[in-house]
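# A closer look at the structure
Each chain is listed here by its residues.
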Amino acid sequence: MLRFTLATALLISLLLSTGCAMFGSSYVKPEVSLANVEMLKANLWEQSFRLRLRVDNPNDRSLPIRGMHYEIYLNNAHLATGVSDQSFNVPAYGSEYFELNVRSNLWRHLRDMTKLVETQKPVDYRIEGHIRTGLLFSPTLTLREKGTLNPADLSF
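Cut-offs applied
- Residues numbered from 1 in each chain as written.
- Predicted model: local features only at pLDDT ≥ 70, side-chain atom pairs only at ≥ 80, totals over all residues.
- Heavy atoms only, no water.
- Helix = DSSP H or I, 4+ residues; strand = E, 2+ residues; numbered from the N terminus.
- Buried < 20%, exposed > 50% of the residue type's maximum accessible area, 1.4 Å probe, protein only.
- Contact = heavy atoms within 4.5 Å.
- Areas by Shrake-Rupley, 256 points an atom, 1.4 Å probe, with all protein chains shown as cover.
- Salt bridge = Lys/Arg side-chain N within 4 Å of Asp/Glu carboxyl O.
- Phe/Tyr/Trp six-rings, centres within 6.5 Å; stacked < 30°, edge-to-face > 60°.
- Lys NZ or Arg CZ within 6 Å of the ring centre and 35° of its normal.
- Core = buried A, V, L, I, M, F, W, Y, C linked by side-chain atoms within 4.5 Å.
- Pairing = 2+ DSSP bridges.
- Axes fitted to C-alpha atoms, helices over the stretch in contact; angles between N-to-C directions.

## With respect to the overall build of the protein
The helix and strand inventory of the protein stands at two helices and eight strands. If you list the helices and strands of the protein from N to C, you get α-β-β-β-β-β-β-α-β-β. By the burial criterion, 35% of the 156 residues in the protein qualify as buried. Long-range pairs, those at least 24 residues apart, make up 64% of the contacts in the protein with a sequence separation of at least 6. Counting only carbon and sulfur atoms, one obtains 57% of the accessible surface of the protein, whose full area is about 10100 Å².

## Observations regarding the pattern of salt bridges
Applying the stated rule across the entire model yields five salt bridges. The salt bridge partner of Glu-38 is Arg-50, with a shortest N-O separation of 3.5 Å. Here the residue Glu-38 occupies a position in strand 1 (residues 31-42), and Arg-50 occupies one in strand 2 (residues 47-56), the gap between them amounting to 12 residues. With a relative accessible area of 29%, Glu-38 lands in the partly exposed category. Each member of the salt-bridge network shares a partner with another, and the members are Glu-38, Arg-50 and Glu-99.

## Side note on the packing of aromatic side chains
Geometry of an aromatic ring pair is reported as the spacing of the ring centres plus the angle between the planes. In this structure the tally under the stated criterion is one aromatic pair. Geometry around Tyr-97 places Arg-52 over its ring, the cationic atom sitting 4.2 Å from the centre. Cation over ring: Arg-126 sits above Tyr-73, and NZ or CZ is 4.0 Å from the ring centre.

## Section: the nonpolar core
Residues Leu-34 and Ile-127 are the most contacted members of the largest nonpolar core, which totals 27 residues. Looking at this core, the element that brings in the most residues is strand 3 (residues 63-74), giving six residues. In this view, Leu-34 contacts Leu-51, Arg-52, Leu-53, Tyr-125, Ile-127, Glu-145 and Leu-149; residues no more than four positions away in its chain are not counted.

## Let's talk about the sheet that holds strand 6 (residues 95-104)
Reading across the sheet, the three strands line up as 1-2-6 and stay open at both edges, with antiparallel pairing between neighbours. Each of the sheet's edge strands pairs with one partner strand only, and the pair in question is strand 1 and strand 6. Strand-to-strand twist in this sheet, taken as the mean axis angle between neighbours without regard to direction, amounts to 20 degrees. Bridge count for strand 1 against strand 2 is 10 bridges, and the pairing is antiparallel. Its bridge partner being in strand 2, Glu-31 is matched across the sheet by Asp-56.

Now the structure itself:
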């Protein structure tokens, strides 16, 4: 019985140290950026978009992504909130793209959005949320991405 308890304690400490080593202080957080926005459909009550995001992994080990929670803002107007359970791995020193289908109701922002489309001026965006990585002892990464979109570069 003592051997079983000792073996179990050793296994748990090994797992904990592996998890801490993988995401310890030497771990550099990945960068997430918005690569494209595509409008899928729009009607008076709901609009559907496909966002293409890129994850850049600056680390020497693969980064497993297991899901995320996000909020999206355009020119400080809240566009959408959502979750994704899409799983994928970002290779060491590599990049990976993934897509999110987003639904929103822009009715309350219709006047502002009409002006943006008419003037074709760049649009500031902000994505906030959390990315779940790895398995049991892996951390949740904070997502804070902001930038500017040029309407001429977007797919509609």
